[in-house]
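Reading the structure
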Number of protein chains: 2
Amino acid sequence: MSRTTASADVFQAIGDPTRRAILDRLQQGEQPVKQLAEPFAISLPAISQHLQVLCEVGLVTQQRSGRQRLYRLNPTPLKQVSDWVSQYEQFWTTKLDALGEYLEEQS
Amino acid sequence: MSRTTASADVFQAIGDPTRRAILDRLQQGEQPVKQLAEPFAISLPAISQHLQVLCEVGLVTQQRSGRQRLYRLNPTPLKQVSDWVSQYEQFWTTKLDALGEYLEEQS
DNA sequence: AAAACAGTTAAGTGAATGCTTAACTAAGAT
DNA sequence: ATCTTAGTTAAGCATTCACTTAACTGTTTT
């Protein structure tokens, strides 16, 4: 079997550019797989596997509708990422402040 | 050679929990490798390799000091992550979620 | 000059990752 | 009933990953 171990880690899930692009696309709202897959140059199973990973970390939910499967964005797990990153925000503001001061000194 | 391909992708770099922990640790300030590696149960080369990845994506800078190598946090590449995630912030408050559902129902 | 220290580079390994094609399941259309 | 359509599951493959031990580089101490 392939793609069993998906690690259930949000950080790793968004580590893949295709998965980020899928999430970006889902901002436009709930979509069936085919429509979701349309802009990507990879096979449908590949998309399906990515969706499975996103499902496992909770970034996406699934709902049947006739013979389609509608996928919907659930961004709440991204809060974990947001929280982690925001720890560093102070660092880069101070750093950019310092850069600003430096640039001012130079001019 | 191992660990050559480090993809130079910030998202992937922070996908690894050990690397995130290293960054977290570097918030306390510039540190030599040995000190940095202290809490981890992996070998020094492994840490060194992680640092190389972090270096490649610019999250860390290196500076020699005698026989030590001081590593320093440079969080600015995390801005990329912050920017991406903040796109979703509006989605994860429940009020806006409800609004989103409402709007979808209408369309 | 030799030994010790701090760290990297090299080489190899097992497991995970992202992808493929082929085969399958389930629902709607003919 | 059969054929599409929509999508997943299975199996396999090449690459990448995180890690290891061993060997190396450069610096300080003795």
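Residues numbered from 1 in each chain as written. Chains lettered and ligands numbered in written order. Predicted model: local features only at pLDDT ≥ 70, side-chain atom pairs only at ≥ 80, totals over all residues. Heavy atoms only, no water.

Comments concerning the interface of chain B and chain A
Rule in force here: Contact criterion: two residues are considered in contact whenever any of their non-hydrogen atoms come within 4.5 Å of each other. Here the buried area means the combined drop in accessible surface, using a 1.4 Å probe, for two parts upon being joined, counting both sides. In what follows, salt bridge is the name for a side-chain nitrogen of Lys or Arg lying within 4 Å of a carboxyl oxygen of Asp or Glu. We define a polar contact as two N or O atoms separated by no more than 3.5 Å, with the added condition that, inside protein, one atom must be a possible hydrogen donor and the other a possible acceptor, whereas residues neighbouring each other in sequence contribute only through side-chain atom pairs. Each helix corresponds to a stretch of at least 4 residues labelled H or I by DSSP, and each strand to a stretch of at least 2 residues labelled E; elements are numbered beginning at the N terminus. Residue type decides the class: Asp, Glu, Lys and Arg count as charged, Ala, Val, Leu, Ile, Met, Phe, Trp, Tyr, Cys and Pro as nonpolar, and the leftover types, Gly among them, as polar.
Between chain B and chain A, the contact holds 26 residues from the first and 28 residues from the second. Note on chain B versus chain A: buried area summed over both sides is about 2600 Å², and carbon and sulfur give 66% of it. The interface formed by chain B and chain A holds two salt bridges in total. Of the charged contacts, one joins R20(A) and D9(B) as a salt bridge, the two residues approaching to 3.9 Å between their closest N and O atoms. Remark: the boundary between chain B and chain A carries ten residue pairs in polar contact (both at pLDDT 80 or more). At the level of elements, α1 (10-13), α2 (17-26), α5 (78-89) and α6 (94-106) of chain B are the ones that each hand at least two residues to the side of chain B that touches chain A. Sorting elements by how many residues they give to the side of chain B that touches chain A places α5(B) first, with nine residues. For the side of chain B that touches chain A, the residue count by class is twelve nonpolar, seven polar and seven charged.

A short note on the sheet that holds strand β1 (residues 31-32) of chain B
Residue and element names in this part refer to chain B. For clarity, the threshold we go by: Pairing between two strands requires that DSSP report at least two bridges joining them. Axis definition: a line fitted to C-alpha atoms, limited for helices to the stretch in contact. Angles are taken between N-to-C directions and run from 0 to 180 degrees.
Here three strands make up an open sheet; going across it, the order is β1-β3-β2 and the pairing antiparallel. With one partner strand each, in any of the chains shown, β1 and β2 (60-65) form the two edges of the open sheet. Against the sheet, α2 contacts β1, β2 and β3 (68-73), and its axis sits at roughly 90 degrees relative to β3.

Quick notes on the packing of helix α2 (residues 17-26) of chain A against α5(B)
Filter applied, for reference: We call two directions roughly parallel when the angle between them is under 35 degrees, roughly antiparallel when it is over 145, roughly perpendicular when it lies between 65 and 115, and oblique otherwise. Helix crossings are classified by the rotation of the near helix relative to the far one: an anticlockwise turn of less than a right angle makes the crossing left-handed, while a clockwise turn makes it right-handed.
Contact geometry for α2(A) and α5(B): axes closest at 11 Å, N-to-C directions at 30 degrees. The angle between α2(A) and α5(B) falls in the class roughly parallel. Between α2(A) and α5(B) lies a crossing whose hand is left-handed. For the pair α2(A) and α5(B), contact is made by R20(A), L23(A) and D24(A) and by W84(B), Q87(B) and Y88(B), respectively. Along the lines of polarity and charge, the residues of the contact of α2(A) with α5(B) split into three nonpolar, one polar and two charged.

What to know about the pairing of strand β2 (residues 60-65) of chain A
Looking along a regular strand, one sees the side chains alternate between the two faces of the sheet. Residues and elements named next belong to chain A. Relative to strand β3 (residues 68-73), β2 runs antiparallel, the two being bridged by six bridges. Within the sheet, the bridge partner assigned to T61 lies in β3 and is R72. Counted between consecutive antiparallel strands, the loop separating β2 from β3 contains two residues, among which G66 sits at a positive phi close to 65 degrees.

Focus: the confidence of the model for chain A
Quick reminder of the rule: Per-residue confidence from the predictor is reported as pLDDT, a score between 0 and 100.
In this model, chain A carries an average pLDDT of 88, and 80% of its residues clear a pLDDT of 70 or more. Here residues 1-6 of chain A scores under 50 on pLDDT; set against residues more than four positions off or in separate chains, the count is six contacts.

Comments concerning the pairing of β3(B)
Relative to β3(B), β1(B) is paired through two bridges, and the arrangement is antiparallel. Pairing of P32(B) across the sheet is with L70(B), part of β3(B).

Digging into the relation of the copies chain B and chain A
Rule in force here: Residues below a pLDDT of 70 in either copy are left out; the C-alpha atoms of the rest, at least 70 in both, set the least-squares superposition of the copies.
Superposing chain B onto chain A takes a rotation of 180 degrees combined with a translation of 0.0 Å along the rotation axis, leaving an RMSD of 0.0 Å. On the angle and the small slide along the axis, the relation comes out as a two-fold axis. Distance from the rotation axis, computed per C-alpha, reaches its smallest value in chain B at G15(B): 2.8 Å. The overlap is high: 88% of the interface residues of chain B also sit at the interface in chain A, so the same surface is used on both sides.

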